[in-house]
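Residue strings, one per chain:
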Amino acid sequence: MSQSADLARAQQRFARRQRLVRWRSWLPWAIGGAVLVFGGLIVWLFYFSAVLAVDGVRVSGADTVPVATIENVAQAPVGTPLAKVDLGAIAARVRTIPAVADAQVTRAWPNKVVVVVTERVPVVVVTDGSRFELVDATGTAYRTVPDRPAGLPEAKVTGTRREVTIRSVVTVSAALPSTLRAQVGSISAASPDSITLNLGSGVKVVWGSSDDSERKAEVLSVLMKRKAQVYDVSAPDLPVTKGEKR
């Protein structure tokens, strides 16, 4: 009996070892298969299923530009899996809106496209006598308004090189100290090299080109300690005053 029992136990141990060997040989295949199934499920979920598809746009940073306009121009592909959306193409379309200086687009899981816009900020208003154009710090005219906005220097631009002249006017305006900019009633420019500031008191400042604008602003601040009708800083190393008052 004892020998039969020992033999049976030995056979059971051998069978267990064989099962263990077979299990260990199949384990890597089982793990690999599970990983493939899980990976396939993830790919399907993110790239082909409707579970994580775009269902709308979230806009931030818009103040003067209507949110509806941004949503329409963005053309976010509703129903398309969010992972497959071309964010760069959406941003490029939003940047075509004249009043938008920049746009950044990101994904907000599970279903939203987020558009963050940076609007242009006007630094001068350009007029030809019949309309007013808002111009930002890059010299880009981006919106026409019926009335002159308060608090912005008005630039009367004439001549053929209009865009270049506008950029020169913006450079000059940006170089002015805030106290002096507040005194400017209008800026006249027939070309990029013939810019004149018309102060509210009737005083004129002949600026010339936008070159050395910061230097010209410094010279003008000193020069205006003398009362005069005309200050000419077009050549900042040789400034001139006319119609001095004593």
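Residues numbered from 1 in each chain as written. Predicted model: local features only at pLDDT ≥ 70, side-chain atom pairs only at ≥ 80, totals over all residues. Heavy atoms only, no water.

### Digging into the sheet that holds strand β7 (residues 154-157)
If you trace the nine strands from one edge of the open sheet to the other, you get β6-β5-β4-β7-β8-β9-β10-β11-β12, paired in mixed fashion. In this open sheet, the two strands that pair with only one neighbour each are β6 (141-145) and β12 (240-242). When strand polarity is set aside, the average angle formed by the axes of neighbouring strands in this sheet is 25°. The strands touched by helix α6 (residues 213-223) are β10 (204-208), β11 (230-232) and β12; relative to β10, the strand with the most contacts, the crossing angle is about 155°. (Pairing = 2+ DSSP bridges. Helix = DSSP H or I, 4+ residues; strand = E, 2+ residues; numbered from the N terminus. Axes fitted to C-alpha atoms, helices over the stretch in contact; angles between N-to-C directions. Contact = heavy atoms within 4.5 Å.)

### Details of unusual backbone geometry
The omega torsion across W109 and P110 is 15°, close enough to zero to call that bond cis. Its place among the elements puts P110 in the loop between β2 (100-108) and β3 (112-119). The backbone phi angle of Q75 is positive, close to 50°, even though this residue is not glycine. For Q75, the position within the fold is in the loop between α2 (67-74) and α3 (87-94). A positive phi angle, near 55°, is found at D212, a position not held by glycine. In this fold, D212 is placed in the loop between β10 and α6.

### Here we look at the pattern of salt bridges
On inspection of all chains with the given rule, the structure shows six salt bridges. The salt bridge involving E154 is made with R148; its shortest N-O contact spans 3.4 Å. Overall, E154 belongs to the buried group, its relative accessible area being 11%. By relative accessible area, which is 37% here, R148 ends up partly exposed. (Salt bridge = Lys/Arg side-chain N within 4 Å of Asp/Glu carboxyl O. Buried < 20%, exposed > 50% of the residue type's maximum accessible area, 1.4 Å probe, protein only.)

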